[in-house]
Structure formats: C-alpha cells, structure tokens
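One-letter residues, chain by chain:
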Amino acid sequence: MFISTTPITVRYAETDQMGVVYHANYLIWFELGRTTLINDLGFKYADMEKEGILSPVVDIEASYKRPVRYGDDVKVNTWVEHYDGLRVVYGYEVIKEDETVCVTGKSVHTCVKKESFRPVSIRKRFPDWHKEYEKVKKPSKGL
C-alpha cells in the first residue's frame, strides 16, 4: 500500500476561539493530501477536468482524536483505502511530529461527466489511473 505524506504547519487563521484547528479545516487538509497522493502517482485532477470529468465527494467522515493547535507541525498521510473501478475511498491520518494520531478520516469519490453528472467508469475512461490505483490500494482482507 502506497502512502503519500503532506506536511502542514498550522496557521493562526485555521484555529478557532479555543486555539485548536477548526474542525472543517481538516477536510481542506484531506483535499491537500488527496491532491498530493494523485500527483505522487503521476496524475493531476486538472487533466481529468480538462476532459470534462469531475470527481465529487459523495461521502466524507472525520474522527477527532487529539487537538491540533496553532504552530503545530503535522503531516497528512493519505492512501487509497478502497478502489473498485468506479468508486475511490481515500484514507487519511493527521499526525503530529511525535507520531500522535490526531484525526482520521475517509472520503468517497466517483467520477462524473461535468455536463450531466452521469457516472463514468475510471477503469474504462482512465485506464492508466485504474492500473495505478489497483497497484497502490490497501490490500483487502481475505474472507
């Protein structure tokens, strides 16, 4: 399983009145991690969009374990949790320098035609992405 790492230094603007990272900012960090992962695999979202294909989030979750504060250095680890040719589930961990896991999450994506939002098979439309995702996705547990 391939894991991509995105470093982040928490900015003051990302925190709330309590001095911790505002919960919605983790979703932005997940997006940064996802984009880094895709780039690390040799692809770009922008190229997909040039072909009239979008990859919307259809489900997302985040589980908050420990607070992250202004000035902390963290990393967002991102991987392909599940992939079936149509749907991609990305996994995320936000981890402090001391390896404390602060947030975990997942996001589910499909590919759709921009003009109609009709689903598109990644396997058929983007065979190189399909091949790479099959190679790097988290191994499924046996029955």
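Everything discussed here concerns the structure shown above.
Residues numbered from 1 in each chain as written. Predicted model: local features only at pLDDT ≥ 70, side-chain atom pairs only at ≥ 80, totals over all residues. Heavy atoms only, no water.

Overview of the pairing of strand S5 (residues 87-96)
Put simply, side chains in a regular strand alternate between the two faces of the sheet.
Here's step 1: A large share of S5 lies buried, amounting to 7 of its 10 residues.
Here's step 2: Relative to S5, strand S4 (residues 73-83) runs antiparallel, the two sharing 9 bridges. The residue bridging His82 from the neighbouring strand is Val89, located in S5.
Here's step 3: Counting the residues in the hairpin turn of S4 and S5 gives 3 residues, including Gly85, whose phi is positive at 95°.
Here's step 4: Across 9 bridges, S5 lies against strand S6 (residues 101-113) in antiparallel orientation. Across the sheet, residue Arg87 finds its bridge partner in S6, namely Thr110. (Buried < 20%, exposed > 50% of the residue type's maximum accessible area, 1.4 Å probe, protein only. Helix = DSSP H or I, 4+ residues; strand = E, 2+ residues; numbered from the N terminus. Pairing = 2+ DSSP bridges.)

Concerning helix H1 (residues 25-40)
Here's step 1: Taking 1.5 Å of rise per residue, 16 residues should cover 22 Å, and H1 covers 22 Å from first to last C-alpha, within 8% of that figure.
Here's step 2: The set of residues buried in H1 consists of Asn25, Tyr26, Trp29, Phe30, Gly33, Arg34, Leu37 and Ile38.
Here's step 3: Downstream of H1 by a residue or two, Gly42 has a phi angle that is positive, lying close to 95°. (Expected span 1.5 Å × (residues − 1).)

What to know about helix H4 (residues 127-136)
Here's step 1: When H4 is considered as a whole, its buried residues turn out to be Trp129, His130, Glu132, Tyr133 and Val136.
Here's step 2: On its buried face, H4 is in contact with H1, helix H2 (45-50), S4, S5 and helix H3 (122-125). (Contact = heavy atoms within 4.5 Å.)

Observations regarding the side chain of Ser55
Here's step 1: Summarising the element assignment, Ser55 is placed in the loop between strand S2 (53-54) and strand S3 (57-64).
Here's step 2: What Ser55 contacts, discounting residues up to four positions off in sequence, is Tyr45, Met48, His109, Thr110 and Cys111.

Digging into the nonpolar core
Here's step 1: Trp29, Val68, Val80, Tyr90, Val94, Trp129 and Tyr133 are the most contacted members of the largest nonpolar core, which totals 31 residues.
Here's step 2: Of all the secondary structure elements, the ones that give two or more residues to this core are H1, H2, S4, S5, S6 and H4.
Here's step 3: With 5 residues, the top contributor of residues to this core is H1.
Here's step 4: In contact with Tyr90, not counting residues within four places along its chain, are Arg34, Leu37, Ile38, Tyr45, Trp79, Val80, Glu81, Gly105, Lys106, Ser107, His109 and Tyr133. (Core = buried A, V, L, I, M, F, W, Y, C linked by side-chain atoms within 4.5 Å.)

Overview of unusual backbone geometry
Here's step 1: Although it is not a glycine, Glu99 adopts a positive phi angle of roughly 75°.
Here's step 2: Along the polypeptide, Glu99 turns up in the loop between S5 and S6.
Here's step 3: Residue classification places Glu99 among the partly exposed positions, given a relative accessible area of 48%.
Here's step 4: Phi at Phe117 is positive, roughly 60°, even though this residue is not glycine.
Here's step 5: Tracing the sequence through the fold places Phe117 in the loop between S6 and strand S7 (119-120).

Section: the packing of aromatic side chains
Here's step 1: This model, assessed by the stated rule, comprises 9 aromatic pairs.
Here's step 2: Here the aromatic rings of Tyr26 and Tyr64 are separated by 5.5 Å at their centres, their planes lie at 55°, and the arrangement is tilted. Of this pair, Tyr26 sits in helix H1 while Tyr64 sits in strand S3, placing them 38 residues apart in sequence.
Here's step 3: Ring centres 5.0 Å apart and planes at 50° place the aromatic pair Phe43 and Trp129 in the tilted group. A residue pair is termed long-range when its members are at least 10 positions apart, and Phe43 in the loop between H1 and H2 and Trp129 in helix H4 qualify at 86 residues.
Here's step 4: By relative accessible area, which is 9% here, Trp129 ends up buried. (Phe/Tyr/Trp six-rings, centres within 6.5 Å; stacked < 30°, edge-to-face > 60°.)

Description of the side chain of His109
Here's step 1: Locating His109 in the fold gives a position in strand S6.
Here's step 2: The exposure class of His109 is buried, given its relative accessible area of 2%.
Here's step 3: Separated by 2.8 Å, the side chains of His109 and Ser107 make a polar contact.
Here's step 4: Setting aside residues up to four positions removed in sequence, His109 forms contacts with Arg34, Tyr45, Ser55, Pro56, Val57, Val58, Leu86, Arg87, Val88, Tyr90 and Tyr92. (Polar contact = N/O pair within 3.5 Å; in protein donor to acceptor, adjacent residues only side chain to side chain.)

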